[in-house]
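Geometric and topological summary
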Number of protein chains: 2
Amino acid sequence: MDVKTLCLGALTLGDATGYEIHKMFDDGPFGQFYDAGYGSIYPALGALLKADLVTVVQLAQEKRPDKKVYSLTPSGLALFKKALAEPPAKDRFRSDHIVRLFFADYMSKSDLQAVYDSYLCHFQTQAEKLRSIDIQNFRNGRTFALQMGLRFYETMSAFLVENQGQLLNDYCPNPMDDGTEQTRNQGTGDD
Amino acid sequence: MDVKTLCLGALTLGDATGYEIHKMFDDGPFGQFYDAGYGSIYPALGALLKADLVTVVQLAQEKRPDKKVYSLTPSGLALFKKALAEPPAKDRFRSDHIVRLFFADYMSKSDLQAVYDSYLCHFQTQAEKLRSIDIQNFRNGRTFALQMGLRFYETMSAFLVENQGQLLNDYCPNPMDDGTEQTRNQGTGDD
DNA sequence: GAGATATATATCAAACCAATATATATGATT
DNA sequence: AATCATATATATTGGTTTGATATATATCTC
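Reference entry: report on the structure contained in this document. This is a predicted model, so every value here is computed, not measured.

Rules of the game
- Residues numbered from 1 in each chain as written.
- Chains lettered and ligands numbered in written order.
- Predicted model: local features only at pLDDT ≥ 70, side-chain atom pairs only at ≥ 80, totals over all residues.
- Heavy atoms only, no water.
- Helix = DSSP H or I, 4+ residues; strand = E, 2+ residues; numbered from the N terminus.
- Buried < 20%, exposed > 50% of the residue type's maximum accessible area, 1.4 Å probe, protein only.
- Contact = heavy atoms within 4.5 Å.
- Buried area = accessible area lost by both parts, 1.4 Å probe.
- Salt bridge = Lys/Arg side-chain N within 4 Å of Asp/Glu carboxyl O.
- Least-squares fit on C-alpha atoms with pLDDT ≥ 70 in both.
- Axes fitted to C-alpha atoms, helices over the stretch in contact; angles between N-to-C directions.
- Parallel < 35°, antiparallel > 145°, perpendicular 65-115°, else oblique.
- Left-handed = near helix turned anticlockwise from the far one by under 90°.
- Nonpolar A, V, L, I, M, F, W, Y, C, P; charged D, E, K, R; others polar.
- 1 Å grid on protein atoms, 1.4 Å probe; cavity = no way out; pocket = protein on both sides within 12 Å on 5 of 7 lines; lining within 4 Å.
- Points joined across faces, edges and corners; volume = space filled by probe spheres on them.
- Phe/Tyr/Trp six-rings, centres within 6.5 Å; stacked < 30°, edge-to-face > 60°.

We now examine the overall build of chain A. A tally of regular secondary structure across chain A gives eight helices and three strands. In sequence order, the secondary structure elements of chain A are arranged as α-α-α-β-β-α-β-α-α-α-α. For chain A, the residues scored as buried account for 48% of the 191 residues in total. Taking as baseline every contact in chain A between residues at least 6 positions apart, the subset at least 24 positions apart corresponds to 53%.

Here you go:
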């Protein structure tokens, strides 16, 4: 799902500027399950405009750059619906934190502790944020996605607390100096 | 965390070819929390080789392309450890599935049902896969990361089952034709 | 015998990311 | 009053990543 489609989706929630769309991915309703930077959003909006999938109203502001407020056109909405009807790509999760937990034995105990702490804090903060959102205004899928996110953060946070000992008390640094555990890699084990 | 660093990490588990490293991200121990395609792995290995962070042994094979087995050098391991000691980037999760659940009201009920089914199946399959892995050989962080992944898949799968009704029974398509819910976007609500 | 999947490397265009530049306002700290 | 950080707002750039494709063969399934 490319940033163009994502922008169309964002605009179904109401007219917005590129800056506002970015915020939606940063700390807004999309942040939980997608993200996009300015470097993708502004070109995407430009392309959508050229294809008449959105319109723009340029608002001159006193001492700031012009605000360009984008709106979805009917063909833009139609294309978005069409995109939603296509089979979804595989979920993608990438975590620098878990890489570090996985390679715990190549880290110092204090670094490991720091990663653990920041990770727990992250999950707790996110959970708190979602809990504070008033669910009344949402309907159906919106509520569902939000609750799913909340469940995720709560579960991960609980997991970290429950298994802290396994990671930190049982910590022992890798005894090998050459960096290999086997001479040859063995794959998943099911090949 | 770039693919070069990830390749170094993969090689700490044992010597491997680019193909094998890719498998590790595809269905191996890394797949849960990172991924990388051939288009990143092969150039990364080339760059690592040039920088003496890995070595390569080219094995001629009878009727297949030469196998290039890469090994970590001491300086490669040192660099990897250094990378682990740096503060981790924010986790990134992107889900085409949740985008569709979020925009449920812009989908047909049958398409929504299909997304739900494939998502549930995905989580259940992944959980089963992790459950079947023998944990005896792993230690510390390896076990921790694996169990964390298992907990994630089990929780998400349970969530989908528990809240199926909210998504599918309470489903109602968006009544609006113009695609907007408000005239102007309101952000998170906390600005 | 056709077709799909697995082994194995490699490349390329399109897309994306992180950082930076520009310019101003506001709020916090010293 | 000065400094600093954060927020508003658009835009660009270099480097990295993605997804698809090409090549060549073996094996397994229908």
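Another aspect to go through is the interface of chain A and chain B. With 88 residues of chain A at the contact, the number on the chain B side is 88 residues. Carbon and sulfur atoms supply 56% of the area buried between chain A and chain B, which totals about 9100 Å² over both sides. Three residues, A:Arg94, A:Phe102 and A:Phe144, lead the burial of chain A against chain B; their summed loss comes to 9% of the area buried on that side. Joining chain A to chain B, the criterion identifies 10 salt bridges. Of the charged contacts, one joins B:Asp105 and A:Arg142 as a salt bridge, the two residues approaching to 3.4 Å between their closest N and O atoms.

A word on the relation of the copies chain A and chain B. Screw-axis analysis of chain A against chain B gives a translation of 0.0 Å along the axis, an RMSD of 0.0 Å, and a rotation angle of 180 degrees. Here the two chains are linked by the operation of a two-fold rotation axis. Of every C-alpha in chain A, the one belonging to A:Phe93 sits nearest the axis of rotation, 2.2 Å from it. When the interface residues of chain A are mapped onto chain B, 100% of them are again interface residues, pointing to one common binding face.

Moving on, we get to the packing of helix α2 (residues 18-26) of chain A against helix α3 (residues 38-50) of chain A. All names here are of chain A. For the pair α2 and α3, interaxial distance at closest approach is 10 Å and the crossing angle is 135 degrees. Between α2 and α3, the angle is such that the two are oblique. Crossing hand, α2 versus α3: right-handed. Between α2, through Gly18, Tyr19, Ile21, His22 and Phe25, and α3, the contact on the second element is made entirely by Tyr38, Ile41, Tyr42 and Leu45. Among the residues forming the contact of α2 with α3, the class breakdown is seven nonpolar, two polar and no charged.

This part takes up empty space enclosed by the protein. All told, the structure shown has two cavities of 30 Å³ or more when counted by the stated rule. Approximately 130 Å³ is the volume attributed to the largest cavity. Lining the largest cavity are 13 residues, with A:Phe93, A:Ile98, B:Met148, B:Gly149 and B:Phe152 sitting closest to its centre. For the lining of the largest cavity, the secondary-structure elements that each account for two or more residues are α6 (109-131) and α7 (141-162) of chain A together with α7 (141-162) of chain B. Ranked by residue count, the leading element in the lining of the largest cavity is α7(B), at five residues. Here the residues of the lining of the largest cavity sort into 11 nonpolar, two polar and no charged.

All right, on to the packing of aromatic side chains then. What the rule picks out here adds up to 34 aromatic pairs over all chains. An aromatic cluster is present here, built from A:Tyr119, A:Phe123, A:Phe152, A:Tyr153, B:Tyr119, B:Phe123, B:Phe152 and B:Tyr153 joined pairwise through their rings.

Bear in mind that shape data such as this cannot, by itself, settle questions of function.
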